[in-house]
Amino acid sequence: MLDKFVTSMSLIRILSGTIEIMAALLMLRLGRVDKALAVNSALALVGPTVLIVTTSIGLAGMADKLSWGKMLWIAIGVGCLLIGILKK
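Residues numbered from 1 in each chain as written. Predicted model: local features only at pLDDT ≥ 70, side-chain atom pairs only at ≥ 80, totals over all residues. Heavy atoms only, no water.

Per an unreviewed UniProt entry, the protein goes by the name YqhV family protein and belongs to Paenibacillus motobuensis.

K.L.:
Give me the UniProt feature "transmembrane region" (unreviewed entry) in the protein: which residues, what numbers.
P.N.:
The UniProt record annotates "transmembrane region" (unreviewed entry) at residues 12-30, 42-62 and 68-86. Segment residues 12-30 splits into 100% helix and 0% strand. End C-alpha atoms: 27 Å apart. (UniProt positions renumbered as here; feature names shortened; annotations may be inferred. Helix = DSSP H or I, 4+ residues; strand = E, 2+ residues; numbered from the N terminus.)

K.L.:
Tell me about the environment of Thr54, and name the residues and values.
P.N.:
Counting through the fold element by element, Thr54 comes out in helix α2 (residues 33-62). Apart from the residues lying within four places of it in its own chain, the contact partners of Thr54 are Met9, Ile12 and Arg13. (Contact = heavy atoms within 4.5 Å.)

K.L.:
How would you sum up the packing of helix α1 (residues 4-30) against α2? Please name residues and give values.
P.N.:
Put simply, α1 and α2 touch, their axes get as near as 10 Å, and they point 175° apart. Between α1 and α2, the angle falls in the class roughly antiparallel. (Axes fitted to C-alpha atoms, helices over the stretch in contact; angles between N-to-C directions. Parallel < 35°, antiparallel > 145°, perpendicular 65-115°, else oblique.)

See the structure below:
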């Protein structure tokens, strides 16, 4: 039997991948660089959101196995990733 946390994380990643593929198809259908760039910009919100949600679910599943110090280091690491991704 699959762990409910793993199932949730994988379903969110499948949904994210589906959104990415649909956006790529939409870009092809629009056929213009300016409109494709607008679709691509909207996707910039999907990636970090999925990262935060899946990491949160994973941490919730491991909460009983990790010390508060390790949880803090993981949170700092995710924060650094987000700063690197979202900084312009």
